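Next come the chains, spelled out residue by residue.
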Amino acid sequence: MAGKILSGKKVADSILEHAKKEVQVLKKKGITPKLVVMQVGDDPASTIYVNKKHKTCVEIGIDSEIKKFGTEIKYTDFLVEIGNLNKDKKVHGILVQAPLPEHLSHKMVYETIDVQKDVDGFHPCNHGKNLLGKDGLQPATPKGIMRLLEETGIKIEGKTAVVIGRSNIVGKPIALMLINAGATTTVCNSKTKNLGNITKEADILISAVGKANLVKKNMVKKGAIVIDVGTNKNKKGKLCGDVDFENVKEIAGWITPVPGGVGPMTIASLIENTIKACKVLECAN
Ligand code: GUN
């Protein structure tokens, strides 16, 4: 029997519907949540993501501003721009779209963002809170994945989880969330030897590597929940994930499609984080 499709689109739509009502309540109190997205350069994929975030904010009633910078912006000038947004009382959420150019990456960009406005959950303090299982702003994609797992109704505690990918944005934070939820968790990466032997043990399998067709049917346990975070192009130029969806769905218990799986959940979680940040900053809970 083919696995059930875990539709991120459906869950995200219900989250956004709820978010819209929350924003209406805040507006009645004279508060409008505001998100500023900072984009450096004009990477086409980043532009698509940034525009999607903006469009969703507008639909929900959140004020949204995209601040674009040329790749020549100096590191110190960029930090000053973040500092100004930190001070701006009208701004509740700040998001710096990754990837950043070489001279800005791996520096203090994400730790310069006010922890309370860090709706991406990338500040070391928010990563730390996630590690400790404390309330904070959680990275959007992993938060969305946990929500999708909840949707299956399957208890995470005691399950075996395997994460492929060790990025700061997805792999590491989702592994910590699964550990905190009581799953026995293994983190693999694109260089892991005998990957299939490890993934075949997984009740919950999450792939976040960015390699089309990495996860094949013979690497998946029967009945497993398979979450595909990859966004790749196949040989025909069509959007696809890391998982060989057509074949893996024959064996999985649940499986997310690409598109329409994790992607919409990332945006829905970002919206939730922006509203949460707004409520904390405005003491409007
Ligand atoms: N680039 C790809 N995904 C993300 C994300 O979730 N947040 C940011 N800031 N950049 C990204």
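Residues numbered from 1 in each chain as written. Predicted model: local features only at pLDDT ≥ 70, side-chain atom pairs only at ≥ 80, totals over all residues. Heavy atoms only, no water.

A. Layout of the pairing of strand E3 (residues 63-69). Sheet analysis places strand E2 (residues 34-40) next to E3, joined by 7 bridges and oriented parallel. When the bridges of E3 are listed, Met38 appears paired with Lys67. With helix H2 (residues 44-60) bridging E2 and the parallel E3, this β-α-β connection has right-handed handedness. (Pairing = 2+ DSSP bridges. Helix = DSSP H or I, 4+ residues; strand = E, 2+ residues; numbered from the N terminus. Right-handed = clockwise from strand over helix to strand, strands pointing away.)

B. Summary view of the sheet that holds strand E11 (residues 254-255). Reading across from one edge, E1-E11-E8-E7-E5-E6 is the order of the 6 strands in this open sheet, with parallel pairing throughout. Unpaired on one side and paired on the other, strand E1 (4-5) and strand E6 (184-188) mark the two borders of the sheet. Where strand E8 (residues 225-228) and E11 come together, 2 bridges link them in parallel fashion. Paired with Ile225 across the two strands is Trp254, which belongs to E11. Contacts from helix H6 (residues 140-152) reach strand E7 (204-207), E8 and E11, with the element oriented near 150 degrees to E8. (Contact = heavy atoms within 4.5 Å. Axes fitted to C-alpha atoms, helices over the stretch in contact; angles between N-to-C directions.)

C. Region of the structure containing the sheet that holds strand E4 (residues 93-96). Ordered by their spatial adjacency, 3 strands build an open sheet running E3-E2-E4, and the pairing between neighbours is parallel. Each edge of the open sheet carries a strand with a single partner, namely E3 and E4. Going from strand to strand, the sheet's axes swing by 15 degrees on average, the running direction of each strand aside. Across the sheet, helix H3 (residues 75-87) touches E2, E3 and E4, and the angle it forms with E2 is around 175 degrees.

D. Region of interest: the packing of helix H1 (residues 8-28) against H2. Two numbers describe how H1 lies on H2: the axes approach to 9 Å, and their chain directions differ by 55 degrees. As summarised for this structure, H1 and H2 are arranged oblique, according to the angle between their axes. Contact residues: H1 offers Leu16, Ala19, Lys20 and Val23, while H2 offers Thr56, Glu59 and Ile60. Its residues placed into classes, the contact of H1 with H2 shows 4 nonpolar, 1 polar and 2 charged. (Parallel < 35°, antiparallel > 145°, perpendicular 65-115°, else oblique. Nonpolar A, V, L, I, M, F, W, Y, C, P; charged D, E, K, R; others polar.)

E. Structural context of the packing of H1 against H6. Running from N to C, H1 and H6 point in directions that differ by 105 degrees, and their axes come no closer than 11 Å. By the angle between their directions, the pair H1 and H6 is classed as roughly perpendicular. Of H6, the residues touching H1 (which contributes Gly8, Val11 and Ile15) are Arg147, Leu148 and Glu151.

F. Spatial organisation of the nonpolar core. Among the nonpolar cores identified, the biggest contains 49 residues, and Ile145, Leu149, Ile174, Leu178, Ile227 and Ile271 are the most heavily contacted of them. Among the elements that take part in this core, helix H10 (residues 262-282) stands out by supplying 9 residues, more than any other. Filtering out sequence-adjacent residues up to four positions away, Ile174 remains in contact with Pro142, Ile145, Met146, Val163 and Ile206. Among the nonpolar cores identified, the runner-up in size contains 18 residues, and Leu79, Val96, Leu100 and Leu104 belong to it. (Core = buried A, V, L, I, M, F, W, Y, C linked by side-chain atoms within 4.5 Å. Buried < 20%, exposed > 50% of the residue type's maximum accessible area, 1.4 Å probe, protein only.)

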